[in-house]
Each structure stands twice: as C-alpha cells, then as structure tokens.
Amino acid sequence: MSSDNAVVLGVGLIGSSIGIALRSLGWVVTAWDPDPAALRSARSVGAFDFDTDDPSVAVADADLVVLAGPVGSIVETLPTLHTVALVTDVGGVKTPVVEAAGSLQRFVGGHPMAGRETAGALGASGSLFNGATWVLTSDGAAPADLEFMANLVKSVGAVPLVISAADHDAAVAVSSHLPHLTAAALVAALAGDEVAYRLAAGGFRDLTRVALSEPGWWLDVLVANRGEVGEALERMASRLREWAGLLSDRDALGDLLAESRRLRAGMAAPVASLGVVLQDRPGEIARVGHSLSESGVDLRDLQLRHATHGGGGVLTLSVRAEERTRLQQALVADGFTVIESA
C-alpha cells in the first residue's frame, strides 16, 4: 500500500480492530473518539499510535479516513469533512451514508460483516475480520478507490464484496437485522413464564445469542434501515402464519423442514466443528487448551454450551477442515469424549 497515515473516528470494537489491523500492516493510525474512556481502552489494546482532540486537522493530513461510529454519527459527520483523503466507513446501513458522502471527493462505503456480542475496544482484535465478508459500495466510487479498498480489505484477512448501497440494505435486512429482531422476540416470549425460562436449553441460547448485543447500536441501524426491515418483518410474519396453518399437515410441514435443513447445510462455514464433552470438575478448559496446543491447529471459533442443570457441558471447537482429525486425535489422547457437531 502506498498510503500509510490513517485516521479512525470512533474506537469501539470495529474501529479499534481496524486500527490494530492497520498498524500491523505498517500504517500510522491516529484516533479520535468523543468518549475519553473509549480512547483509554483503545490505547490499552494498541489500536492507535496517536490520538487527537481536533479530528479536522488530522483528517486534512490523512491518506485514509475511517468513520467507525454509529450510523447516525457517520451521516452527520460526512458532510463536515474537508479532505482529499479516501474516506470509508463501517456503518451497517449504506443508503443514507452514501447520500451524506455526496460532497466528498473520494468515498467508498464499507461494512465489515464481523463483530461480537460485546461492544468496546477491550474486545478488539486485528484478526476480527479473518474470513469475514466486507461490503464495499459501488455508488459514486472511483474504480481506483474501489480497487484500493478491496486490496486493503484482503490484507486484513477479509473478503471484499462490491455491491450497491440499496442491494446491501435489502440483503442485511433479511440476513442480519431480521435475525436480531427475531432473537429479541423469542427472548421476550419467555418473559413471565418461569417454567419455559428454566427449560430453555442450549438450542434456545444458541438461537438467541445475538439478543445479547448492545441495544444502542442496533437501534441506530434498525431505524436507519426501517423501510427494508419493515418489509422483511412482514414477509416473516406471513411465513409464520403459513407454517401455523400447516401444523396438522405432516407431509407439507416435513417438506418445509427438510428444505430449510437443506438450505442451512449449504450455508456451512469453510470450517469443521467438533464437540468436546466437558465434565463438571476443575481444570477441564485447561486440559482442552493442552490438546489445542499439542495439535497445533488454527482455532477459528469456540462456543461453550453448559448443561441445563449443571454437570458440565459441550465445548464446540471450529478449525480448518483439514485440521479436524488432528485436533480430534489430540483430544482423544487427553481422555476427552468427542462428538459430532453441526
């Protein structure tokens, strides 16, 4: 990359992770955030080289400007920027963002499809984007700037996808925003039902995991994309009513479930997962750590599912497909029971 000075405006989870990733590539990163505590957290994880009280000065001298705040803040900030630098953002809704960027000389809208349930710089990592899709909007973007951003995205481990802002917003309404609202609605359905709450097991917790996300960020996104989200909710409600009418038709219901299973299987990530049965005793996780170390695999993800009423649980480990057997052998050698995991 020819440019090496970046300014990151907003140092939450995504902004700090971008800062860490850019610094690992040799960029000099200057950060700004309206919250001094956020800056302190970002500094502690190595998200930037310098911070600034006057982002307008830093932006003027930058090669790349990354707006990593909430969508509303991004939309408010874009018209105020005075820079010849390439400007990008990480907003979860793109149509209002690209409209607000109309006065900029150079802009490529962005949306890294990565994150965690917890917000803030303390959860940031330069590897957060490994394997993640990173949307780049084509609206009004110069081909050279799109190419630059695509190469930059690849260099931090992500996979660029160039689409229009409108196509992005329609797609995330179904693939991201609708699942979040569905998870929230499922959790709300348990309110006041103590028995159902106590019986909610691993499957329910897995399905509703995203309901743990910080609500302020989601409010911003959902309101900004309310047209597409509203349509997605109506379609979902119609589909659920259709399914409700089929509960007495075993054949039709079975066909729908089978088709959904087939579609879901086609969405499998390019990793292999296995479950490790954990006993309810001290040191179990440490023993798993020993197996991971011995196998030398690249751990891509993990999820711990506690037994509903105590007594251990199942730790699901996801690794590269070609490394699954090696990890399984190491776990078995350390005395663990390994089970298939979807």
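What counts, and where the lines are drawn
- Residues numbered from 1 in each chain as written.
- Predicted model: local features only at pLDDT ≥ 70, side-chain atom pairs only at ≥ 80, totals over all residues.
- Heavy atoms only, no water.
- Helix = DSSP H or I, 4+ residues; strand = E, 2+ residues; numbered from the N terminus.
- Expected span 1.5 Å × (residues − 1).
- Buried < 20%, exposed > 50% of the residue type's maximum accessible area, 1.4 Å probe, protein only.
- Contact = heavy atoms within 4.5 Å.
- Phe/Tyr/Trp six-rings, centres within 6.5 Å; stacked < 30°, edge-to-face > 60°.
- Lys NZ or Arg CZ within 6 Å of the ring centre and 35° of its normal.
- 1 Å grid on protein atoms, 1.4 Å probe; cavity = no way out; pocket = protein on both sides within 12 Å on 5 of 7 lines; lining within 4 Å.
- Points joined across faces, edges and corners; volume = space filled by probe spheres on them.
- Nonpolar A, V, L, I, M, F, W, Y, C, P; charged D, E, K, R; others polar.
- Axes fitted to C-alpha atoms, helices over the stretch in contact; angles between N-to-C directions.
- Parallel < 35°, antiparallel > 145°, perpendicular 65-115°, else oblique.
- Left-handed = near helix turned anticlockwise from the far one by under 90°.

Asks: Teacher, can you tell me more about helix α1 (residues 13–24) here?
Replies: Taking 1.5 Å of rise per residue, 12 residues should cover 16 Å, and α1 covers 17 Å from first to last C-alpha, within 8% of that figure. For α1, the full list of buried residues reads L13, I14, G15, S16, S17, I18, G19, I20, A21 and L22. A positive phi of about 100° marks G26, the residue just after α1.

Asks: Help me understand the environment of V156, please; the structure alone is not making it clear to me.
Replies: Mapping V156 onto the fold places it in the loop between α6 (143–155) and β9 (159–163). In this structure the C-alpha to C-alpha distance between V156 and I18, which are 138 residues apart in sequence, comes to 8.4 Å. If sequence neighbours within four positions are ignored, V156 has contacts with A21, L25, G126, F129, N130 and W134.

Asks: Mind showing me how you'd approach the packing of aromatic side chains here?
Replies: Aromatic ring pairs: the centre-centre distance and the angle between the two ring planes describe each pair. Under the definition given, this model contains two aromatic pairs. Pairing F129 with W134 gives two aromatic rings, centres 5.0 Å apart and planes at 50°, and the pair type is tilted. Exposure class is identical for F129 and W134. Each is buried. Ring plane angle 85° and centroid distance 5.1 Å describe the contact between W217 and W218, whose orientation is recorded as edge-to-face. W218 gets classed as buried once you look at its relative accessible area, which sits at 10%. Taking NZ or CZ as reference, R287 lies 4.2 Å from the ring centre of F336, over its face.

Asks: Even after reading the chapter, I still don't get empty space enclosed by the protein, so can you show me in this structure?
Replies: Unoccupied space between atoms shows up once a probe the size of one water molecule is rolled over them. Going through the model one piece at a time under the given rule, you end up with one cavity of 30 Å³ or more. Taken as a whole, the largest cavity spans an internal volume of roughly 110 Å³. What lines the largest cavity is simply I18, A21, L22, L64, V66, T88, F129, W134, M149, L152, V153 and V156. Across the lining of the largest cavity, the residue classes tally to 11 nonpolar, one polar and no charged.

Asks: How should the packing of helix α13 (residues 284–295) against helix α14 (residues 324–333) be read in this particular structure?
Replies: Helix-helix packing is described using two parameters, namely the angle between the two axes and the distance between the axes. At a minimum axis separation of 9 Å, α13 and α14 run at an interaxial angle of 135°. As far as their axial angle goes, α14 and α13 are oblique. Here α13 runs over α14; the crossing is right-handed. In this structure, α13 contributes S291, L292 and S295 to the contact, and α14 contributes R326, L327, A330 and L331. Looking at side-chain class alone, the contact of α13 with α14 contains four nonpolar, two polar and one charged residues.

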